[in-house]
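Commentary on secondary and tertiary structure
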Amino acid sequence: MLCLLKRGTLNFFRKKNNTFITLEEPDFSAETRKLWGDLMFALEGQDVSQVTIQLYDNGDLPLRVVSVLTALGLKLASSSVQCDLKVSSQTAQMLRRLNLTSAFANITEVQ
Amino acid sequence: MEINLKEVKESFITTTHDLLQRSEALLLEMERQVNPEHYTELLRAVHTIKGNAGIFELDSVIHLCHAFETFLEELRTAAVPLSTELIDTGLTVIDRIRSLVALVDDPQKMAAVQVQDVIAAMENRGKTGVAAKPVQTGNAPEKSEFDRLRAHTQKLRLPEKYLELARRNNHYLIFVVIDLGDQGNLSLSQLHAKFKALHKSGNLLSLGVLRKETITDNPAGPFMPYFLILHSEGRAEAVIEKLGLKILLFHYFWQPEHKPEAAAEPVHDGGRSADAQAKETHLKVHLDLLNSLIDITGEIVLTRNALVRRIEQSQDQGLAAFTKKLSYLVTDLQDKVMKTRLQALGTLFQRFPRLVRETAAATGKKANLHTVGGEIELDKAIIDEIADPLVHIIRNAVDHGLELPEVRAKNGKDEAGAVTLSAAMREGNIVISVEDDGGGLDYEQIRAIAVRKGLVSREAATEASEQEVSEYLFLPGFSTKAEITTISGRGVGMDVVRSNIKKLGGSVEIIGAPGKGSKVILNIPQTLSILTCLVVETGGARFVIPQQNILEVVTIEKEKLKTIQNKEAYELRSKLLPLVDTAALIDLKNENSSASLFVVLRTEKYHYGLTFERVLDTEEVVVKALPQFGQEQQVFSGAAIMGDGKIALILDAAGIGRHANLQATTTDRTIAQNRQLTELIEEQHLLFRFHNVLVAFKVVEIPRIESIDPKTVETIVDRQVVHYRNEVIPIIPLSFLGAAVEADKPEGSLIILQSAGRKYGLLASEIIDLLNQKIELRHDDNDRAEIDGFTIVDDQTVVVLNLARLMHMQMNQAGERKLLEAAP
C-alpha cells in the first residue's frame, strides 16, 4: 500500500516497511527542532526498516538541515534501520569531507 | 596485545590513592595560605582521577570529581580566603572518592554510596561562599547536559600520533566541540570553507560527529555535537576566534611545557601530563612480585653463605676466586633488590597534617605540624607497619602533649602548639621522632595512675627513677586520660606501638621533662629481611648482633672491670660503661667459660657493653620472625639461619638495655662524675702498627676497622686496591714511613676512612688502641706534609699522620691520573 502524506512542507510516503521522504525549499528554511519534529512524525506509528531521504538542493544546504539529517541517520542506525540519502554531488562531496557520511547507509549523488 | 584489566585497575587504585593523598595535603596547605598554584595542582589531580575513572565507567566518581572541579574553579575565580567549612567540604569529597575507589570491585556497594549530598553541599557552599559564577564559552546548554557532554569528552582517548605531533612541535592539542544544529544560518558550504582554511593552515587534525552524544530528543541538550581536533602554537581561544563558530566547549589534551599560564586550564591527563615523559623511565611493579624477589634473594644469600663456608674448608683456589666473585654479585643483587622497595617517608608524612588538624579540632586545641626528613627512604613494608603507630603517637602528642590554648597563653607560649615529625638516618638506622612543645611528662601523675590502675605496686612506683616511670607509658592498659574518647583513653596505645615497632626489629622510647614537651623516638632498621651482623659465641651458643648498633669490639682487661652497686661495669677511656653478660640473658652461664670480649652497643637510650667469649664472623643474615614462645624474651628481635644451616638468635640492643634495667646514657656520665674523673678528653688518636713503625692519627669519629685477608689486596697499575663490600677501595700508601716490611707478617687490618663521599683504606699490621690523652707533638719544618709530627707513647716513638692531607693527596693523584687518561 502506498500512502502519501504531508507534514508542514515535508512530503513523505510509506510503502510497506519503507519510508520515502523528500525535502526541498522551503523545507530547508525550517528551524532545527521543527524539522526534527516533522521527521519524527513521518516515522511514527509503523515498523520501518528502511528510510530514503531525497533532497532537491542546489549544491548547498543550511547547516541545521544537515545536522537534522545526520542526527536522524544516526538515530535510525542505532535502531538498525537503514537510512539512504540522495543529494546533489556537491553536497555529497562536502558531507564526505566533513566526515558526516557515516550516518547514512548509502549516499546517492543525483544530477 | 592483551590488556590485563586487573593490572590496569590496580594501577588506577594506586594512582588515585596517591593523588587523593596529595590533594588532601594541598587542601590543608590552602587553609593556611591560598596560592594559585595550589588550585592548579589540585584541579589537575582531580581531573586526572576523573579521567582515569572514565576508563572503568565509575560514574559516581566522575560526577563527584566533576562537581569538585566546578567547586574549585568557582573558588579560584572568586579568589577568596578558604574558610574551615570550605576546607571541610573539600576533605569530605576526598574521603568520599576514596571510599568509592575502594569499592571499585563491587559495583553494587559502590552504587549504594551516596554522592548527591556532597555534590549538593559543594553547590551550596559554592553559591554562598562565592559570588562569581564561572563563565562558559559560547551558548552552553543547560548545565546538566553540558556537564555530561564535557565529562564524556574529557574521557576520550586521542590517537597517540596526535599527542606525538603536539609534543614534537610543542603545540597545544585542543579538542573543540560545536553544535552543528546551532550555528545560525551558516550553510554547509560556509562550514566547509572554514574547515578547508583550517586544514590548509595545518591546524586541523580530525573532525566528525560525536555519535554517542547526539541528543536529539532532549530540547535542553546540544542538538548535534561535532568535534574538531586541532593543534596550535597559540591557545584555543585564538583559534576559536579565527574559526568564527559558536563553541560548546574545549579541552586541552596536551599543553606545551614552556607555557605555564596554560596550566590554569584543566588538562586531560590520560597519563600524558607535562611530567609524564620524565616518568616513562619508571615502571610500576606489583608489590607481591617485589616481595617474592626479596624472598628469593634472601634464599640466595643463605645459599651463598653456606657455599662460602664449604669452599673455605676446601683448598681449591680457583673455586675460591669464583665464590668470591659470586659473593660480591649476590651482595650487589641483594642491595639493588632491597632498594626497589624503598619509598620516601614523605608519602607517609603527608597523611598527618589532616590528622593533627582533626585531633586538634576534636580536643579544642590549636596545633601545627612541621615535618622534616620526608625525603628519607624506607622499606615500603616498614612504612606500612609504622603508619598506625605514628598515628597513635601524633594523636597522643596533640591530645596528651599539647595544652589548651588558654593554658599555653598563660604560660607564655604560642596558643598553637607545635608538633614536629622528623626523620633522620643515624648509624644505618632510621630515627623518627615526634616532638611536641606541650606540658611534657608529669612523672608524679604517671606514677599515681600506674599505681591506681594496679599496673605497678606503690613501693615500686615510689622507688622508680624518672627513666623507669617513663616506661610505665608502655604498659598495657595505661592511659592518663580519665575519660574514654574516640581519640584516646582506652589505654591501648603505646604498648601496641612498642610491640609493632619491635616486630620490625626497632625500638621506641619516650623522653621528656615537665613543662618542656616530650619526644617519642622510633629507631627502626632501613630494610627488613637481610641484616649485616656480627656473629658472636658464648656459652656454646651463637648470637647475632646487628651492626647498626655496634660502636666497637673491645678486649676485656681484667683490671678495668669494676663492680658498682652490684652491677658490672668497665672503665673504657675514663668512662664507666655498664656491662651485660650475653650468656646470662638466657641462663647459659657456663662455669668454665669466661667472657673475654665485649661489644659496645648504642641505641637512642642505652649505651652499654655486651660481653661474650669470641667473635666468629660478620655475616649478612636473613631475618626470620621468632615463634610465639621466643617473643616472650624481650632481648631477641628475631632469628637468623646461618651459613651452616643452624639457627642463631638476633639480639635486640634496646630490649637488652630494658631487660637489664640499665639507666639511660646519662648514667655512665654520673658514675664517672662520682669517681671525679673530670679530665676532659680533647683529642683522640688511633694508634696502630705498620710493620715496625708505630703510627697514629687524630680521629673525630672512630673509623671502621676490618680484618682482611692480605690476599684480597691487589696491585692495579701503580696502586694498591682492596675489595670491600663490593667496592674497590684505594689503599693510601704508607711507603714514605720507611717501614721494614716483614714479608711473613702481612697487614691484617684495614682502616676504612671517608672523605668527600669517597672511601680510602689504610693497611695496618696491628691495631693497638685509642689514645685519649693529650699528646705532645714534635714537629720539624723538614717533615713531609703528610706527617703532623712525632710523639712518645709508652717510651716508643709514634709517627702522627695528617690524615686530611694524606687523603687530599690521594684524591689529587687520582685526579691527575684521570686527566692523563683523558688526554689525547
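Residues numbered from 1 in each chain as written. Chains lettered and ligands numbered in written order. Predicted model: local features only at pLDDT ≥ 70, side-chain atom pairs only at ≥ 80, totals over all residues. Heavy atoms only, no water.

**Here's the deal with the overall build of chain B**
The line we're drawing: Think of it this way: any DSSP run of H or I at least four residues long counts as a helix, any run of E at least two long counts as a strand, and we number them from the N terminus. We call a residue buried when its accessible area falls under 20% of the maximum for its residue type, exposed when it is over 50%, and partly exposed in between, using a 1.4 Å probe and counting protein chains only. Between two residues, a contact is recorded if the distance between any of their heavy atoms is within 4.5 Å.
The helix and strand inventory of chain B stands at 26 helices and 33 strands. In chain B, which comprises 824 residues, the proportion classed as buried is 48%. Residue pairs at least 24 apart in sequence account for 68% of intrachain contacts in chain B once pairs closer than 6 positions are excluded.

**Describing the sheet that holds strand β26 (residues 713–716) of chain B**
Residues and elements named next belong to chain B. Applicable threshold: For two strands to count as paired, DSSP must find a minimum of two bridges between them. Helix axes are fitted to C-alpha atoms over the stretch in contact, other axes to C-alpha atoms as well, and angles between N-to-C directions run from 0 to 180 degrees.
Strand order in the open sheet made by the three strands is β26-β27-β28, with antiparallel pairing throughout. This sheet does not close on itself; its edge strands, each paired only once, are β26 and β28 (727–730). Across the sheet, the mean angle from the axis of one strand to that of its neighbour is 40°, orientation sign disregarded. Relative to strand β27 (residues 719–724), β26 is paired through four bridges, and the arrangement is antiparallel. The residue bridging isoleucine 716 from the neighbouring strand is arginine 719, located in β27.

**Comments concerning the interface of chain A and chain B**
Just so we agree on the cut-off: A simple way to read buried area is as the amount of 1.4 Å-probe accessible surface that goes missing from two parts once joined, with both sides added. A pair is scored as a salt bridge if a Lys or Arg side-chain nitrogen falls within 4 Å of a carboxyl oxygen belonging to Asp or Glu. A 3.5 Å cut-off defines polar contacts: any pair of N or O atoms within that distance qualifies, except that in protein one atom must be a possible hydrogen donor and the other a possible acceptor, and neighbouring residues in sequence count only when both atoms are side-chain atoms.
Tallying the contact residues gives 23 residues for chain A and 27 residues for chain B. When chain A packs against chain B, the two sides together hide about 2,200 Å² of surface, and 64% of this comes from carbon and sulfur. Considering only the surface of chain A that becomes buried against chain B, Arg33, Leu63 and Leu98 of chain A emerge as the three largest contributors, covering 33% of it. Where chain A touches chain B, the interface holds zero salt bridges. Counting across the interface, chain A meets chain B through ten residue pairs in polar contact (both at pLDDT 80 or more). Every element with two or more residues in the side of chain A that touches chain B is listed here: α1 (32–43), α2 (63–78) and α3 (89–97) of chain A. The biggest single contributor to the side of chain A that touches chain B is α2 of chain A, with nine residues.

**Notes on the confidence of the model for chain B**
Residues and elements named next belong to chain B. Basically, it comes down to this: For every residue, the predictor reports its confidence as pLDDT, a number between 0 and 100.
On average, residues of chain B carry a pLDDT of 76, and 81% of them reach 70 or more. In this model residues 130–143 is a low-confidence stretch, pLDDT under 50, and it forms 25 contacts with partners more than four residues away in sequence or in other chains. Below a pLDDT of 50 lies the segment residues 259–279, which in the model reaches 44 contacts outside its immediate sequence neighbourhood of four places, other chains included.

**Looking at the nonpolar core**
Convention followed: Among the buried residues, those of types Ala, Val, Leu, Ile, Met, Phe, Trp, Tyr and Cys that are joined through side-chain atoms within 4.5 Å form a nonpolar core.
Counting 63 residues, the largest nonpolar core has Ile53 of chain A together with Phe195 and Tyr226 of chain B as the members making the most contacts within it. Ranked by residue count, the leading element in this core is α2 of chain A, at nine residues. Once residues lying within four places of it in the same chain are set aside, the contact partners of tyrosine 226 of chain B are Leu98 and Leu100 of chain A together with Val176, Val177, Ile178, Leu180, Phe195, Leu207, Gly208, Val209 and Leu210 of chain B. Listed in part, the 50 residues of the second largest apolar core include Val398, Ile446, Ala464 and Val520 of chain B.

**Quick word on the sheet that holds strand β15 (residues 561–564) of chain B**
All names here are of chain B. With respect to topology, six strands assemble into an open sheet ordered β14-β18-β19-β17-β16-β15, the strand pairing being mixed. The outermost strands of the open sheet, each flanked by one partner alone, are β14 (550–555) and β15. The mean angle between the axes of side-by-side strands here comes to 35°, regardless of whether they run parallel or antiparallel. Relative to strand β17 (residues 575–581), strand β16 (residues 567–572) is paired through four bridges, and the arrangement is antiparallel. Considered in β17, the bridge of leucine 572 is made with lysine 575.

**Some words on the environment of aspartate 27 of chain A**
Assignment of secondary structure puts aspartate 27 of chain A in the loop between β3 (18–24) and α1. C-alpha of aspartate 27 of chain A to C-alpha of valine 65 of chain A: the two residues are 38 residues apart in sequence and 8.9 Å apart in space.

**Some details on unusual backbone geometry**
All names here are of chain A. Backbone geometry at serine 80 places phi at a positive 60°, although glycine is not the residue there. Within the secondary structure, serine 80 sits in the loop between α2 and β5 (82–88). Even without being glycine, asparagine 99 reaches a positive phi, approximately 60°. With respect to the element layout, asparagine 99 can be found in the loop between α3 and β6 (106–110).

**Comments concerning a nonpolar patch on the surface**
Basically, it comes down to this: The patch calculation keeps residues exceeding 30% relative accessible area without a salt bridge and links them within 9 Å when they carry like charges or within 5 Å when they are nonpolar (Val, Leu, Ile, Met, Phe, Trp, Tyr). Note on areas: Shrake-Rupley with a 1.4 Å probe; residue coverage comes only from the protein chains shown.
Taken together, Leu283, Val285 and Leu289 of chain B make up a surface patch of nonpolar side chains, about 320 Å² in accessible area. Among the secondary structure elements, leucine 283 of chain B is positioned in the loop between α11 (276–279) and α12 (287–313).

**Some points on the pairing of strand β32 (residues 787–793) of chain B**
Residue and element names in this part refer to chain B. Direction of pairing for β32 relative to strand β33 (residues 796–801): antiparallel, over a ladder of six bridges. If you follow phenylalanine 790 over to β33, its bridge partner there is valine 799. Adjacent in sequence and paired antiparallel, β32 and β33 are bridged by two residues, among which aspartate 794 carries a positive phi angle near 50°.

**Some words on the pattern of salt bridges**
Residue and element names in this part refer to chain B. By the definition in use, this model includes 25 salt bridges over all chains. Where aspartate 384 meets lysine 380, a salt bridge forms, and the shortest distance between an N and an O atom there is 3.1 Å. One end of the pair is aspartate 384 and the other is lysine 380, both in helix α16 (residues 380–401) and four residues apart, which spans about a single turn. Residue aspartate 384 is classed as partly exposed on the basis of its relative accessible area, which comes to 38%. Accessibility expressed as a relative area gives 24% for lysine 380, which makes it partly exposed. What emerges from the salt-bridge pattern is a single network uniting Glu24, Asp95, Arg98, Arg354 and Glu358.

**Things to note about the packing of aromatic side chains**
Geometry of an aromatic ring pair is reported as the spacing of the ring centres plus the angle between the planes. Residue and element names in this part refer to chain B. Definition in use: Each pair of aromatic rings taken from Phe, Tyr and Trp, with Trp reduced to its six-membered ring, is defined by centres within 6.5 Å and is described as stacked if the planes are under 30 degrees apart, edge-to-face if over 60, and tilted in the remaining cases. Two conditions define a charge located above a ring, namely a distance within 6 Å from the ring centre to NZ of Lys or CZ of Arg, and an angle within 35 degrees of the ring normal.
Following the criterion strictly, the structure yields seven aromatic pairs over all chains and no others. On the numbers, 5.6 Å between centres and 50° between planes, the contact of phenylalanine 175 with phenylalanine 253 is tilted. Of this pair, phenylalanine 175 sits in strand β1 (residues 172–179) while phenylalanine 253 is found in strand β4 (residues 247–254), placing the two residues 78 residues apart along the sequence. With respect to class, phenylalanine 175 is no different from phenylalanine 253; both count as buried. An angle of 5° between the planes, with centres 6.3 Å apart, marks the rings of phenylalanine 543 and phenylalanine 636 as stacked. Of this pair, phenylalanine 543 sits in strand β13 (residues 541–546) while phenylalanine 636 sits in strand β21 (residues 636–641); the two residues are 93 residues apart in sequence, bridging distant segments of the chain. Here phenylalanine 636 falls in the buried class, since its relative accessible area comes to 5%. For arginine 498, the ring lying beneath its charged end belongs to phenylalanine 474, and the centroid distance is 3.7 Å.

**Details of the side chain of threonine 791 of chain B**
Residues and elements named next belong to chain B. Structurally, threonine 791 can be placed in strand β32. Look at threonine 791 and you get buried, because its relative accessible area is 6%. A distance of 2.8 Å separates a polar atom in the side chain of threonine 791 from the backbone oxygen of glutamate 776. The residues contacting threonine 791, other than those within four sequence positions of it, are Ile775, Glu776, Leu777, Gln796, Thr797, Val798 and Val800.

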